[in-house]
Amino acid sequence: MPNVVGVRFKNCGKIYDFEVNGFEVRKGDRVIIDSEFGLSIGNVAVDSHFVENPAKELKKILRIASEKDLHQKQENENFEKEARSFCYERIMARGLPMKLVCSEVALDRKRIVFYFTADGRIDFRELVKDLAARFKTRIEMRQIGVRDKAKLVGGLGICGKELCCRLFLTSFEPISIKMAKQQDLSLNTGKLSGTCGRLMCCLGYEYNEGDSNTGQRRAKETVTETASSEVTENPEESLEVLSPEILCCTTIQTVQKAENIPAASENKGEQKPEGSGTHKRRRRRRHRRRGPKKDE
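First, a word on what this report is: a plain description of the structure on this page. (Residues numbered from 1 in each chain as written. Predicted model: local features only at pLDDT ≥ 70, side-chain atom pairs only at ≥ 80, totals over all residues. Heavy atoms only, no water.)

## So, the nonpolar core
Convention followed: Here, nonpolar core means buried Ala, Val, Leu, Ile, Met, Phe, Trp, Tyr and Cys residues that are tied together by side-chain atoms lying within 4.5 Å of each other. The classification of residues rests on relative accessible area computed with a 1.4 Å probe and restricted to protein chains. Under 20% of the type maximum is buried, over 50% is exposed, and intermediate values are partly exposed. Secondary structure counts use DSSP, requiring at least four H or I residues in a row for a helix and at least two E residues in a row for a strand, with both numbered from the N terminus. By definition in these notes, contact holds between two residues if any of their heavy atoms fall within 4.5 Å.
Formed by 18 residues in total, the largest nonpolar core has its most connected members in M98, F114, L127, L131 and M141. For this core, the secondary structure elements donating two or more residues are α1 (67-94), β6 (99-105), β7 (111-117), α2 (125-135) and β8 (138-143). Per-element tally for this core: the top contributor is α1, with 5 residues. Beyond its immediate stretch of four places on either side in the chain, L127 contacts C87, R90, I91, R94, L96, M98 and M141. Residues V7, V25, I33 and V44 belong to the second largest nonpolar core, which totals 9 residues.

## Describing the sheet that holds β8
Basically, it comes down to this: For two strands to be treated as a pair, DSSP must find no fewer than two bridges joining them. Only C-alpha atoms enter the line fits that serve as axes; for helices the fit covers just the stretch in contact. Angles between N-to-C directions range over 0 to 180 degrees.
Here we have 3 strands laid out as an open sheet, ordered β6-β7-β8, and mixed in their pairing. Every other strand in the sheet has two partners, leaving β6 and β8 as the edge strands with one partner each. Across this sheet, the average inter-strand angle for adjacent strands is 20°, counted without regard to direction. Bridging between β7 and β8 involves 6 bridges; their strand directions are parallel. What sits directly across from I112, in β8, is I139. Across the face of the sheet, α2 comes into contact with β7 and β8 while running at roughly 140° to β8.

## A look at the layout of surface pockets
Worth spelling out the cut-off: Think of a 1 Å grid over just the protein atoms. A cavity is a set of points where a 1.4 Å probe fits yet cannot get out, a pocket is an open set with protein on both sides within 12 Å along at least five of seven lines, and lining residues have an atom within 4 Å of a point. Grid points are joined across faces, edges and corners, and a volume is the space filled by probe spheres set on the points. Think of it as three bins: nonpolar holds Ala, Val, Leu, Ile, Met, Phe, Trp, Tyr, Cys and Pro, charged holds Asp, Glu, Lys and Arg, and polar takes everything else, Gly as well.
What the largest pocket holds in volume is close to 1900 Å³. Looking at which element gives the most residues to the lining of the largest pocket, the answer is strand β4 (residues 39-50), with 5 residues. Along the lines of polarity and charge, the residues of the lining of the largest pocket split into 19 nonpolar, 10 polar and 17 charged. Those elements that provide at least two residues to the lining of the second largest pocket are α3 (146-153) and α4 (164-167).

Remember, this is a structural readout, not a statement about activity or role.
Written out as structure tokens, the structure reads:
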């Protein structure tokens, strides 16, 4: 069961597990690690803990960062600016349809990585040759998306604060227009888009997957069932309280029947007008019955 710590290389970056390798490190310490990128300085984000059956073989911490290593990192930052400016000049000279974002140099300067954005595939083989001839080291070109670009460059959102991907978001979750519909927001893409041109990540903060259309339909069905039961029990009171949208056809028919029953019982004792059809029928029947008595 190896003793590991969580190391982060960039602000709001992912946390990777590395073996302690006998060093006493705590949260916040800087360590030197031989990663896939090369020698780099990372910050310990998670204290040491034991892991049972890791998914893959973990790399080990080489050493704790010294002052010499920190000084080398500062020099590399100046070297990154120089490499970025030269790469930008060669891109403009060759007329490549790409936008350079930033550059990153390994601690031992054995590798330089250039990040760029483009609409499609770019043939940058000649550009790599120019960069390799100038810096005499391994050159890598990595194409990233607009959301990754916003995370690397940073900026301010429409709320006035720094971008969430720059502050605390370690990974990007899928954002859809369905999230805005559920929160009754305006469906104007200009208002819902962030500085990167994509839908804002904050739309997913108050989104609940359980509140879908099926859930809303079930809620309406339960309301309709309870409303119909109340109407059948006391129709006169329920008609005043409930809206006509909730009442269904069957409940309205039951209410009409319930209203007609007391009306018929109340009108039994009342006399109908003389001109009605029922009154004429009664007079004709009486006249026919009286006829034979006069003959006798």
